[in-house]
Each structure stands twice: as structure tokens, then as C-alpha cells.
Amino acid sequence: MAEEQTELEERIIIKDQHIKEIDLVNRDPKRINEDVVKVDFEDVIAEPVGTYSFDGVWKTSYTTFTVSKYWCYRLLSAILGIPLAVIWGFLFALISFCHIWAVVPCIKSYLIEIQCVSRIYSLCIHTFCDPFFEALSKICSNIRVALRKEI
């Protein structure tokens, strides 16, 4: 009985990973479009002091801008939203696939191979450079510098 319950819970957890509740009120919870696409009428059209149009024209322009932006966005998202979601889903799946099956294994392979080169390089440095610099340090160890201030 306990085994069946655990299996059922595992199935629910796996199902929950693929089907997530969507918040229809807050559609940008991570605020990725906070400053980018938030464009209002006042951000695009402004009349400086002394060059005002008729009040009716200004109100109609505001309404036209706001309503046309709203409905054009809705129409475009209805027509292109699902195909673009499929394309973006495919693209990010492709990027994930390449990262998992190509990039990480290449990096791991490189790190394994570079360890061999690192050992050879270290051996060469210790063989050739260490004696040279030891001799140079013994030569320079007898050098004394004295500073005097002459008046």
C-alpha cells in the first residue's frame, strides 16, 4: 500500500513538472519586460507648451493610439503567438540539447586532455627553468645596494 502511494506521488510530481499553473493576472512575474516594452501615449507623443492642438484632437489621438495598440497586440498575439511559442520552444530545446550533448562533453574532454599537457608543461618548467632561476638567484644574492644622501 505504501509503495503504491509513493509511486502515485512520484507520478504527480513528474506531471507537475510539465504542467504548471499559469498566473493569468500577473503575466510577467520576473519583470523581464518592465522597462522594455512598456510604452504609453505620453512616452511617444507630446506637445510642448505653446503648440497645443485642439482638445478634441488630443483626446481622440490618445484614444486611437491606446485602442489600436491594444487590439493590434491582441491580433498579432492571436495570429503569431502560438507559432512563435513553438519556434522559441524548439530553439531553447535545441540550445539545451546542444549544451547537454555537445558543449559540456567537449569541455570535460578538453579539461581531461589539458591535464596531460599541464603535467608535461610543469615538468618542462621544473626541468629547465628552475635550475636557471636558482643559479640566477645565487648570482644576484651577493649584490648589495646602499643608498647615500650626499650633501
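Residues numbered from 1 in each chain as written. Predicted model: local features only at pLDDT ≥ 70, side-chain atom pairs only at ≥ 80, totals over all residues. Heavy atoms only, no water.

1. Comments concerning the layout of surface pockets
Take a probe with the size of a water molecule and roll it over the atoms, and the empty space left behind shows itself.
Phase 1: Volume-wise, the largest pocket comes out at about 1100 Å³.
Phase 2: Taken together, 22 residues form the lining of the largest pocket, with Asn26, Arg27, Asp28, Asn33 and Tyr73 sitting closest to its centre.
Phase 3: Considered class by class, the residues forming the lining of the largest pocket number 8 nonpolar, 3 polar and 11 charged. (1 Å grid on protein atoms, 1.4 Å probe; cavity = no way out; pocket = protein on both sides within 12 Å on 5 of 7 lines; lining within 4 Å. Points joined across faces, edges and corners; volume = space filled by probe spheres on them. Nonpolar A, V, L, I, M, F, W, Y, C, P; charged D, E, K, R; others polar.)

2. A closer look at helix 3 (residues 55–140)
Phase 1: The first and last C-alpha atoms of helix 3 sit only 89 Å apart over 86 residues, clearly below the 128 Å expected at 1.5 Å per residue.
Phase 2: Maximum bend of helix 3: about 50°, positioned at Leu80, with proline Pro83 one to four residues after it. (Helix = DSSP H or I, 4+ residues; strand = E, 2+ residues; numbered from the N terminus. Expected span 1.5 Å × (residues − 1). Bend = angle between axes of the 7 residues up to and from the residue.)

3. Looking at the state of the cysteines
Phase 1: Applying the stated criterion across every chain yields a total of 0 disulfides.
Phase 2: With no disulfide of its own, Cys124 lies closest to Cys129 among cysteine sulfurs, the gap being 8.9 Å.
Phase 3: When its relative accessible area of 37% is taken as the criterion, Cys124 is described as partly exposed. (Disulfide = S-S within 2.5 Å. Buried < 20%, exposed > 50% of the residue type's maximum accessible area, 1.4 Å probe, protein only.)

4. Remarks on the packing of aromatic side chains
Phase 1: On inspection of all chains with the given rule, the structure shows 7 aromatic pairs.
Phase 2: With a centroid separation of 5.0 Å and 70° between ring planes, the pair formed by Phe41 and Trp58 is classed as edge-to-face. Of this pair, Phe41 sits in helix 2 (residues 41–44) while Trp58 is found in helix 3, placing the two residues 17 residues apart along the sequence.
Phase 3: The class of Trp58 is partly exposed, set by a relative accessible area of 30%.
Phase 4: Judged by centre distance (5.6 Å) and plane angle (65°), the ring pair of Phe41 and Phe65 falls under edge-to-face. Highlighted residues: Phe41 in helix 2 and Phe65 in helix 3, separated in sequence by 24 residues.
Phase 5: Three or more aromatic residues joined by ring pairs make a cluster, and in this case those are Phe41, Trp58, Tyr62 and Phe65.
Phase 6: Directly above the ring of Trp71 sits Arg74, whose terminal nitrogen or CZ lies 5.9 Å from the centroid. (Phe/Tyr/Trp six-rings, centres within 6.5 Å; stacked < 30°, edge-to-face > 60°. Lys NZ or Arg CZ within 6 Å of the ring centre and 35° of its normal.)

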